[in-house]
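# Topology and contacts: notes
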Amino acid sequence: MRGVAMPDSARNEPASEPSPLGYIWPEEGLSRIPDWVYTSDEIYAREIERIFHGRSWNYVALAAEIPRPGDFKRSFVGPTPVVVARGQDGSIHVFENRCAHRGAELCRPYRGTAKEFVCPYHQWTYDLAGNLIGVPFRRGVKGQGGMPSSFKLADHGLAQLAVTTRNGVVFASFAHDMEPLEDYLGPEILTDFDATFDGRPLTILGYYRNTVPANWKMYHENLKDPYHATLLHAYLVTFGLMVAGNKSAMIADRTGRHGTMASAKGEEGVTVDPASKGEMRAFHENLKLADPRILDYVKEFDSPWSVTMQTIWPNLIVQRELNTLGTRQIVPNGPNEFTMIWTMFGYEGDSAEMVRHRLRQGNLMGPAGFLGLEDNEALKFVQDGLRKSRAGAAVVELGGIAEGSSSSLITEAAIRSLYRYWRDVIGV
Amino acid sequence: MLAGFARSAVDPRLARDLRLEIEEFNTEYCAALDENRIADWPEFFTEDAIYRITARENAESDLPVGLVYCEGKGMLRDRATAIAKTAMFAPRYLQHHVGNLRILALGADGIVSAQANYLVLQTLVDERTTLHQAGRYFDRFAREAGRLLLRERHCVYDTLLLDNSLVMPV
């Protein structure tokens, strides 16, 4: 661990309460982000406790993945494995994937259909809501052994989470007194969320899973950083998908934790102005696509934007990149790595050609996508820099000290908003 | 594992000849990738080729998505161009290894269906060599001007959790 700004002796926390409060934020304020935000085990532990296990709605599934009673999938809330299952009455349940007996992670396949969940170790059996319904030899054998008479099945179910859904997207929370999802997201975010999830039933097109050797928050920041889009992603500019001057916006909710990066694809013949060309070293003027279908946009959404990338705190990205659609679920694996689970989808009623269009356009995103692979590579570069070099701080000063939404791409205001919120939650 | 790639009887002598020919094909295919000759990669395919890399969980559930999904040689060329000209990624060495080649079927139209296992080893600067992918090719070869070319290559990987990114094709 690196970047502790104060020696241990200067801390005055009670010993029983592990606290990261020895960390000091740079005096410049939100225009600097110190390395320990991304590398500290203590900070990470507090994030799990206060964010993922705290007051947040965590994305766990699309309802279309578990369409019938008994259908289930493995999922995660933060790093914590959970099971998402549909009960016989059609309701969706989320519970910890940890047997109440000895703690075994009992549900192993990604997906399936079950009548009940049986831990293979001692065959404790749970229903589709996670309630304990059977313990073998509970009364012992021939009057010997068994559970004491005080043992009640009802006290030993799998830990159940609060569940909410909106237009086929399933969220769960360890907090059982969460505000409604609509209030949690806020109106600024709900508008574009509902443009993608407009109530049409979804069809699942498939999954990608990859690790990223970087802190999980960097993925949020990357999508609150429109500055990188035309610089890192030469493909976007070279082939005319995003040009400085296109209508765009970086939208933050009132808390600063959620965001939407939005842009509208220009009309045919939009060119890059000479002044911008000079600023973009990776720009290639004379490249042409042999098959430009990948750039086609079939207008199918009630939205002025052809692209919205939504960061929904703490673990969901909603990708609407032209017609390639997906959710990305962040599963943190410690401060220096996270897993990304991509669920690509379309809508029921898509023609065969529309499905193929979505698949072709899928080459833009994912860990082998023209844009997606560059994000993953760049985030690794950053974490390598933070982990290996002398302690420092990121300079997040584009757009000055402004926070919140912006119509400019050349700003880091939404990142500063996120850290105003995060610092309050973490207490640093 | 992949629908449409069942094994049917092929004359053993014919199958042996095809195996040698396809092994030579795969060796040259891997050499192009391992030597960073990405512009040569589309030339292993027919004009109407399908190329897809997908996780085994997708293949087994008949989910159509591709980590890479190309319809036609134009899309293969565009991917080669993007890798060569626009993509940003850390420098790396790759080795593609192909084995356990099986001739699955020989159609009346001359289309050869085949399956093989593949491994991709990746080495990044200052890092240990890692097994980046373990998977299977499900291929259909067509003969054009006497030479076998890929009309379909489905790369189905067991390595469900991919390390960070996949830059080069497999």
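Cut-offs and rules
All residue numbers refer to position in the chain's written sequence, counted from 1. Written order determines the labels here, with chains lettered from A and ligands numbered from 1. Note on the predicted model: pLDDT of at least 70 is required for a residue's local features to be given, and 80 or more for side-chain atom pairs to be given and counted; whole-chain, interface and lining totals, by contrast, use all residues. With hydrogens and water excluded, all non-hydrogen atoms of the structure serve as input to the side-chain values. Strands are runs of DSSP state E lasting at least 2 residues, helices are runs of H or I lasting at least 4, and numbering of each runs from the N terminus. In this description the radius of gyration comes from C-alpha coordinates, and the expected globular size is given by 2.2 Å times residues to the power 0.38. Type-normalised accessible area, obtained with a 1.4 Å probe on protein chains alone, sets the label of each residue: buried when under 20%, exposed when over 50%, and partly exposed for intermediate values. Only heavy atoms matter for contacts: two residues are in contact if any of them lie within 4.5 Å across the pair. Note on areas: these come from Shrake-Rupley sampling with a 1.4 Å probe, and a residue is covered only by the protein chains present in the view. In this tally Asp and Glu are treated as negative and Lys and Arg as positive; neither His nor the chain ends contributes. By convention, the charge on Lys lies at NZ, on Arg at CZ, on Asp at CG and on Glu at CD. pLDDT runs from 0 to 100 and stands for how confident the predictor is about each residue. Simply put, an axis is a line fit to the C-alpha atoms, just over the touching stretch for a helix, and the angle between two N-to-C directions goes from 0 to 180 degrees. We call two directions roughly parallel when the angle between them is under 35 degrees, roughly antiparallel when it is over 145, roughly perpendicular when it lies between 65 and 115, and oblique otherwise. Under the scheme applied, nonpolar residues are Ala, Val, Leu, Ile, Met, Phe, Trp, Tyr, Cys and Pro; charged residues are Asp, Glu, Lys and Arg; polar residues are all the others, including Gly. A helix is expected to span 1.5 Å multiplied by its residue count minus one. By the criterion applied in these results, polar contacts are pairs of N or O atoms within 3.5 Å in which, for protein atoms, one can donate a hydrogen and the other can accept it, and in which residues neighboring in sequence qualify only through two side-chain atoms. Summed over both partners, the accessible surface that disappears when two parts come together, traced with a 1.4 Å probe, is what is meant by buried area. Counted as salt bridges are all cases of a side-chain nitrogen of Lys or Arg within 4 Å of a carboxyl oxygen of Asp or Glu. By definition, two strands form a pair when at least two bridges between them are found by DSSP. The criterion is simple. A nonpolar core is a set of buried Ala, Val, Leu, Ile, Met, Phe, Trp, Tyr and Cys residues joined through side-chain atoms within 4.5 Å. Working definition: a ring pair exists when centres of Phe, Tyr or Trp rings (six-membered ring for Trp) sit within 6.5 Å. Plane angles under 30 degrees give stacked, over 60 give edge-to-face, the rest tilted. Geometrically, a lysine NZ or arginine CZ counts as sitting over a ring once it is within 6 Å of the ring centre and also within 35 degrees of the ring normal. Any two cysteine sulfur atoms within 2.5 Å of one another count as a disulfide.

What follows covers the overall build of chain B. Per the secondary structure count, chain B includes 3 helices and 7 strands. In chain B, the succession of helices and strands from N to C terminus is α-β-α-β-α-β-β-β-β-β. For 170 residues, the compact-globule formula gives about 15 Å, and the C-alpha radius of gyration of chain B, at 16 Å, lands near that figure. Taking all 170 residues of chain B together, 55% fall into the buried category. Counting only contacts in chain B whose residues sit at least 6 apart along the sequence, the fraction spanning at least 24 positions is 61%. Surface accessibility of chain B: about 7600 Å² in total, with carbon and sulfur atoms responsible for 49%. Here chain B contributes 20 positive and 25 negative side-chain charges, whose respective centroids are spaced 3 Å apart.

For chain A, the mean per-residue pLDDT works out to 92, and 92% of the residues sit at or above 70. In the model, residues 1-19 of chain A has pLDDT below 50 throughout and makes 30 contacts with residues more than four positions away in sequence or in other chains.

Residues and elements named next belong to chain A. Packing of helix H2 (residues 41-52) against helix H11 (residues 413-426) brings their axes to within 10 Å, and their N-to-C directions diverge by 90°. Classed by the angle they form, the pair H2 and H11 counts as roughly perpendicular. Within the contact between the two elements, H2 uses Ile43, Arg46, Glu47, Arg50 and Ile51 and H11 uses Trp422, Val425 and Ile426. For the contact of H2 with H11, a count of residues per class yields 5 nonpolar, no polar and 3 charged.

The next subject is H2 of chain A. Residues and elements named next belong to chain A. Its 12 residues give H2 an end-to-end C-alpha distance of 15 Å, which sits within 8% of 16 Å, the value for a rise of 1.5 Å per residue. For H2, the complete set of buried residues consists of Ile43, Tyr44, Arg46, Glu47, Ile48, Ile51 and Phe52. Where H2 is buried, its residues meet helix H1 (36-39), strand E2 (58-62), strand E3 (71-77), helix H5 (216-222), strand E17 (324-332) and H11. The N-cap residue of H2 is serine 40: its side-chain oxygen and the backbone nitrogen of glutamate 42 are 3.1 Å apart.

Bringing the interface of chain B and chain A into the picture now. Taken together, the contact pairs 34 residues of chain B with 42 residues of chain A. Buried surface at the junction of chain B and chain A, both sides included, amounts to about 3400 Å², of which 57% is carbon and sulfur. Broken down residue by residue, the surface that chain B buries against chain A is led by Thr86, Met88 and Asn164 of chain B, which jointly contribute 21%. On the surface where chain B and chain A come into contact, there are 7 salt bridges. Of the charged contacts in the structure, one is a salt bridge between glutamate 57 of chain B and arginine 111 of chain A, with a shortest N-O distance of 3.1 Å. For the side of chain B that touches chain A, the secondary-structure elements that each account for two or more residues are helix H2 (56-60), strand E2 (68-71), helix H3 (73-86) and strand E7 (161-163) of chain B. Ranked by residue count, the leading element in the side of chain B that touches chain A is H3 of chain B, at 8 residues.

Residue and element names in this part refer to chain A. The strand order E2-E11-E10 describes an open sheet built from 3 strands, whose pairing is antiparallel. A strand with exactly one partner marks an edge of an open sheet, and here the two such strands are E2 and strand E10 (162-166). Taking the axes of each pair of neighbouring strands and ignoring which way they run, one obtains an average angle of 30° across the sheet. Pairing of E2 with strand E11 (residues 169-173), which is carried by 4 bridges, proceeds in the antiparallel orientation. Considered in E11, the bridge of tyrosine 59 is made with phenylalanine 171.

Glancing now at the sheet that holds strand E9 (residues 132-134) of chain A. Spatially, 3 strands are ordered E7-E8-E9 (chain A) in an open sheet, and the strand pairing comes out antiparallel. The open sheet terminates on both sides in strands that have one partner only, identified here as strand E7 (117-118) and E9 of chain A.

Core analysis: the largest hydrophobic core is formed by 132 residues, its most contacted members being Tyr235, Tyr419 and Trp422 of chain A together with Tyr29 and Tyr51 of chain B. Counting 18 residues, the second largest nonpolar core, distinct from the first, contains Phe95, Leu106, Cys107 and Phe117 of chain A.

As enumerated under the stated definition, the model contains 32 aromatic pairs over all chains in all. For the pair tyrosine 235 of chain A and phenylalanine 370 of chain A, a centre-to-centre distance of 4.6 Å together with 15° between the ring planes defines the contact as stacked. Here tyrosine 235 of chain A, found in helix H7 (residues 234-238), pairs with phenylalanine 370 of chain A, found in the loop between helix H9 (352-361) and helix H10 (372-388); they are 135 residues apart in sequence, far enough to count as distant. Each member of the pair, tyrosine 235 of chain A together with phenylalanine 370 of chain A, is buried. Here a set of aromatic residues connected by ring pairs shows up, and it is made of Phe25, Tyr29, Trp41, Phe44, Phe45, Tyr51, Tyr118, Tyr137 and Phe141 of chain B. The residue whose ring lies beneath arginine 209 of chain A is tyrosine 110 of chain A, and the NZ or CZ to ring-centre distance is 3.5 Å. Of note, arginine 153 of chain B hangs over the ring of tyrosine 29 of chain B, and the distance from its end group to the ring centre comes to 4.5 Å.

Our focus in this paragraph is the state of the cysteines. Residues and elements named next belong to chain A. Scanning all chains against the criterion turns up 0 disulfides over all chains. Cysteine 99 forms no disulfide, and the closest cysteine sulfur to it belongs to cysteine 119, at a distance of 3.9 Å. The class of cysteine 99 is buried, set by a relative accessible area of 3%.

For the rest of this paragraph, the subject is the confidence of the model for chain B. Summarising the model, chain B shows a mean pLDDT of 97, and 100% of its residues fall at 70 or more. Here the complex is predicted with pTM 0.94, and the ipTM for its interfaces comes to 0.97.

All names here are of chain A. For lysine 217, the position within the fold is in helix H5. When the C-alpha positions of lysine 217 and isoleucine 24 are compared, they lie 19 Å apart, and in sequence the two are 193 residues distant. Apart from residues no more than four positions distant in its own chain, lysine 217 is found in contact with Val37, Glu47, Tyr419 and Trp422. One polar contact links lysine 217 to glutamate 47, side chain to side chain, over a distance of 2.6 Å.

Backbone phi values are negative for most residues with the exception of glycine, while trans is the configuration of most peptide bonds. All names here are of chain A. For the bond from tryptophan 313 to proline 314, the omega torsion is 5°, close enough to zero to count as cis. Looking at the element boundaries, proline 314 is found in the loop between strand E15 (307-312) and strand E16 (316-321). One non-glycine residue, glutamine 123, adopts positive backbone phi at about 60°. Among the structural elements, glutamine 123 can be located in the loop between E7 and strand E8 (125-126). Residue class for glutamine 123 comes out partly exposed when judged on its relative accessible area of 48%. The backbone of asparagine 167 shows a phi angle near 45°, a positive value even though the residue is not glycine. Among the structural elements, asparagine 167 can be located in the loop between E10 and E11.

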